[in-house]
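Report on the structure
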Amino acid sequence: ADLDRVVPERIVVPSGSRIRVRYPQVGSGGAPVLAVKLQECFGMTSTPTICGVTVVMELLSPAQRPLAVTDDLESFWREVYPHVRAENRGRYAKHPWPQDPLTAEARRGTKKSGI
């Protein structure tokens, strides 16, 4: 239990999902990675850390394809998200793409499903 608290296997995101963390191989010097759908992170203002190491966020499309990779979520929402939103809201029209992702409700499913 102590190890899971210090080096968790999963991180809970604002949608309530528990997303598995990918850890780098020992000695590689890489950072842990959290691959999660972008819509599940609405309202998340800061990048998670594990043992003082910033987690790399691999933000995915509703089709589970990478849209962006960041270790600075605050900067992503402010500077990159408007471009990602413009490029993808027509492609994934059933999913929410709010103008202000920090105040939007995080969700796993489509606008219609309400999940």
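Details of the structure are given in the entry above.
Residues numbered from 1 in each chain as written. Predicted model: local features only at pLDDT ≥ 70, side-chain atom pairs only at ≥ 80, totals over all residues. Heavy atoms only, no water.

When you go through the chain residue by residue, the secondary structure sums to two helices and seven strands. Each helix and strand of the chain, ordered N terminal to C terminal, gives the series α-β-β-β-β-β-β-β-α. For the chain, the C-alpha atoms occupy an extent of roughly 40 × 25 × 25 Å along the three principal directions. The buried share of the chain, reckoned over its 115 residues, is 41%. For the chain, long-range pairs separated by at least 24 residues make up 39% of all intrachain contacts whose partners lie at least 6 apart in sequence. Counting every atom, the chain has about 6900 Å² of accessible surface; 49% of that belongs to carbon and sulfur. Each charge sign in the chain was given a centre, from 16 positive and 12 negative side chains, and these centres are 11 Å apart. (Helix = DSSP H or I, 4+ residues; strand = E, 2+ residues; numbered from the N terminus. Buried < 20%, exposed > 50% of the residue type's maximum accessible area, 1.4 Å probe, protein only. Contact = heavy atoms within 4.5 Å. Areas by Shrake-Rupley, 256 points an atom, 1.4 Å probe, with all protein chains shown as cover. Lys, Arg positive; Asp, Glu negative; His and termini not counted. Charge placed at Lys NZ, Arg CZ, Asp CG, Glu CD.)

The next point concerns the environment of Ala68. By the element assignment, Ala68 lies in strand 7 (residues 66-70). Residue class for Ala68 comes out buried when judged on its relative accessible area of 11%. Discounting chain neighbours no more than four positions away, the residues touching Ala68 are Met57, Glu58, Leu59 and Phe76.

Another aspect to go through is the packing of aromatic side chains. Centre-to-centre distance and the angle between the planes together describe a pair of aromatic rings. Taken as a whole and judged by the stated rule, the model has five aromatic pairs. Considering the side-chain rings of Phe42 and Tyr81, the 6.4 Å spacing of their centres and the 80 degrees angle between planes classify their relative orientation as edge-to-face. Of the two residues, Phe42 is situated in the loop between strand 3 (33-37) and strand 4 (49-50) and Tyr81 in helix 2 (residues 73-88); the sequence distance between them amounts to 39 residues. Taking the centre distance of 6.4 Å and the plane angle of 65 degrees together, the rings of Phe76 and Tyr81 count as edge-to-face. When its relative accessible area of 1% is taken as the criterion, Tyr81 is described as buried. Ring pairing ties together the aromatic residues Phe42, Phe76, Trp77 and Tyr81, which thus form one cluster. (Phe/Tyr/Trp six-rings, centres within 6.5 Å; stacked < 30°, edge-to-face > 60°.)

Quick look at the pairing of strand 7 now. In the sheet, strand 6 (residues 56-60) pairs with strand 7 via four bridges, with the strands oriented antiparallel. In the sheet register, Leu60 faces strand 7, and the bridge partner there is Pro66. Counting the residues between successive antiparallel strands, the hairpin from strand 6 to strand 7 contains five residues, one of them, Gln64, with a positive phi of roughly 70 degrees. (Pairing = 2+ DSSP bridges.)

What follows concerns a nonpolar patch on the surface. On the surface, a nonpolar cluster with roughly 220 Å² of combined accessible area is contributed by Val6, Val7 and Tyr23. Residue position: Val6 is located in helix 1 (residues 2-6). By relative accessible area, which is 39% here, Val6 ends up partly exposed. (Patch = residues over 30% accessible without salt bridge, like charges linked within 9 Å, V, L, I, M, F, W, Y side chains within 5 Å. Salt bridge = Lys/Arg side-chain N within 4 Å of Asp/Glu carboxyl O.)

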